[in-house]
Amino acid sequence: LFLLLTGILLIHAAGCSAIPTLEPTATPALPTAPPAPTVTPFPTQETTPKDSTIPLVIWLPPQFNPDLDTNASRLLKDRLAQFEQDNPHLKIHYRIKDESGPASLLKSLTAASKVASQSLPDLVLFPDQAVRDAFNNSLIYPYPTAIPSSEDSDWYSLVGQLGTFQEKTYSLPFGVDALMMVYNTRLTEEIPANWDDLLRSGYTFSFPAADPAAIFTLALYLSEDGQLSTDDNSILIEADPLTNVLEFYSQAGSNALLPPDIASLELDSESWEKFIYGGRQVTVTWSSRYLTLIDDTLTGTPLLTRDGDPITLVRGWGWALTNPDPNKQLAAAELARYLTETDFSGRWTQAAHLLPLRPNALTAWSNQDHRILASQLTTAAQAVPPEDILNRSGKLIMQAVIHTLTGELTASEAAILAASSIE
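Residues numbered from 1 in each chain as written. Predicted model: local features only at pLDDT ≥ 70, side-chain atom pairs only at ≥ 80, totals over all residues. Heavy atoms only, no water.

Chemist: Hey, could you run me through empty space enclosed by the protein in this one?
Modeler: The method is simple in principle: a probe with the dimensions of a water molecule rolls over the atoms, and the space it marks as empty is what remains. Applying the stated criterion across every chain yields a total of two cavities of 30 Å³ or more. A volume near 30 Å³ is recorded for the second largest cavity. In terms of lining, the second largest cavity is formed by F207, P208, A209, D211, A214, I215, F216 and T217. Partitioning the lining of the second largest cavity into residue classes produces six nonpolar, one polar and one charged. (1 Å grid on protein atoms, 1.4 Å probe; cavity = no way out; pocket = protein on both sides within 12 Å on 5 of 7 lines; lining within 4 Å. Points joined across faces, edges and corners; volume = space filled by probe spheres on them. Nonpolar A, V, L, I, M, F, W, Y, C, P; charged D, E, K, R; others polar.)

This is the structure in structure tokens:
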């Protein structure tokens with residue numbers, strides 16, 4: 001790394017005290033992946049002024065601001081400072097950008113790319129859904145080596161779903177959030193193994209049935225081998241797998257296991273309130289909510305399925321290279337690896353209440369029950385479907401759920417309607 005960064009620095013040397021502008025290279029066209037970056041040769045006799053540093057600019061969403069008064073933010077800020085100490089020729093500058101809206105990470109990057117490479121950040125912490133859009137718009141660049149690699153195999157298999165396109169890695173996962181079941185152990189005797197067990201147990205449960213993206217129902221649909229797209233990338237809803245899920249909901253409703261107003265619950269927070277204050281015994285929520293709690297009366301598992309094979313869907317954030325300059329890419333890639341290294345990933349994800357994508361990172365977690373749960377979730381995880389699928393299929397599936405729960409249609413009729421509507 002020292003030789004690498006020295007090489008980068010000496011490009012800027014030439015005996016002047018001001019920080020010169022890096023020469024941009026031509027932006028590779030996507031979706032054809034750009035070639036692996038190479039380091040520009042540098043002179044061997046010139047020296048660098050002692051006060052000269054190369055800026056490395058990173059953008060982050062507000063919840064990951066290193067200046068927040070949280071343990072996770074302090075860990076991140078200290079890690080960035082340590083990287084600067086280990087690489088004194090680099091100076092990190094971070095900017096906070098919204099995840100959505102007119103000033104979002106993606107829209108800000110798009111605007112910057114139309115001005116000049118000097119205005120571009122070098123590394124951006126994108127939410128997963130934005131990584132795909134950034135790739136499709138030729139705004140991000142591949143890492144020199146894919147992950148997992150023979151030199152770095154400490155990754156869950158899920159990592160390939162989160163930032164890999166055309167067999168190249170475009171995003172290094174920083175942490176993920178997983179959909180899960182939570183049980184009140186004061187009101188439940190044992191954890192059900194599948195849908196039938198849950199129905200027979202008589203346990204009342206809640207979930208956000210009116211969620212426009214229908215994330216929970218989509219997870220159960222996928223557990224039934226339901227497909228969401230065809231070989232030619234057309235969006236698809238299959239009636240039979242969806243019918244199985246809706247039949248489960250219908251039986252739960254007939255057995256009075258669901259809240260009377262289940263069809264109006266849109267948000268995860270609303271479903272959680274039913275669980276906490278409404279005497280529900282089971283609920284569906286995100287792991288980030290559960291991991292913030294210190295409550296030995298609650299326990300968690302991946303999502304229940306009809307056949308008992310656990311499943312969950314995850315959403316997360318990953319570091320993407322955003323500068324076309326190969327030398328800046330190499331320096332930014334080194335910082336991204338530094339921020340996703342196993343030990344730091346373990347300590348930071350525990351503090352941030354997220355899940356690491358490295359199995360060995362969990363050895364840094366102090367809570368054994370949380371370690372076991374995190375391992376179960378990441379092993380059973382699939383990535384949340386892309387946003388274009390959520391936007392088109394999610395609403396139709398949500399409507400099928402509402403039709404079933406309100407008795408307007410049978411499970412089969414509601415599933416057939418959703419399937420035919422997507423066509």
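Chemist: Help me understand helix α11 (residues 326-339), please; the structure alone is not making it clear to me.
Modeler: Count 3.6 residues to each turn of an α-helix, and residues three or four apart come out pointing the same way. With 14 residues, α11 ought to run about 20 Å at 1.5 Å a step, and its terminal C-alpha atoms sit 20 Å apart, in line with that. Burial runs high along α11: twelve of the 14 residues are buried. Buried residues of α11: P326, N327, K328, Q329, L330, A331, A332, A333, L335, A336, Y338 and L339, and no others. (Helix = DSSP H or I, 4+ residues; strand = E, 2+ residues; numbered from the N terminus. Expected span 1.5 Å × (residues − 1). Buried < 20%, exposed > 50% of the residue type's maximum accessible area, 1.4 Å probe, protein only.)

Chemist: Just to check I follow, could you spell out helix α9 (residues 268-277) for this structure?
Modeler: Considered for burial, the residues of α9 that qualify are D268, S271, W272 and F275. End-on, the buried residues of α9 take up no more than an arc of 100°, which puts them together on one face. Looking at the buried positions of α9, the neighbouring elements they touch are β6 (172-184), β7 (205-206), β8 (282-286), α10 (287-291) and β9 (298-301). Two residues or fewer after α9 comes G279, characterised by a positive phi angle close to 70°. (Arc of directions from axis to C-beta. Contact = heavy atoms within 4.5 Å.)

Chemist: Would you mind showing me how to read the packing of aromatic side chains here?
Modeler: One pair of aromatic rings is described through two measures. These are the centre distance and the angle between the planes. As enumerated under the stated definition, the model contains 17 aromatic pairs in all. A centroid spacing of 5.3 Å and a plane angle of 75° characterise the contact between F64 and W317, whose relative ring orientation is edge-to-face. Here F64, found in the loop between β1 (54-60) and α2 (71-86), pairs with W317, found in strand β10 (residues 312-321); they are 253 residues apart in sequence, far enough to count as distant. Comparing F64 with W317 shows no difference in burial state: the two are buried. Each member of the aromatic cluster is reached from another via a ring pair, and the members are W195, F205, F207, F216, F248 and Y249. Its end group placed over the ring of W286, R315 keeps NZ or CZ at 3.7 Å from the ring centre. (Phe/Tyr/Trp six-rings, centres within 6.5 Å; stacked < 30°, edge-to-face > 60°. Lys NZ or Arg CZ within 6 Å of the ring centre and 35° of its normal.)

Chemist: Is there a simple way to explain the pairing of β6 in this structure?
Modeler: Each regular strand carries side chains that alternate between the two faces of the sheet. Of all 13 residues in β6, 13 are buried, a share of seventy percent or more. Both β6 and β10 contribute to a ladder of six bridges, which runs antiparallel. Counterpart to D177 in the pairing with β10 is R315. Direction of pairing for β6 relative to β9: antiparallel, over a ladder of four bridges. Bridge pairing links N184 to L298 in β9. (Pairing = 2+ DSSP bridges.)

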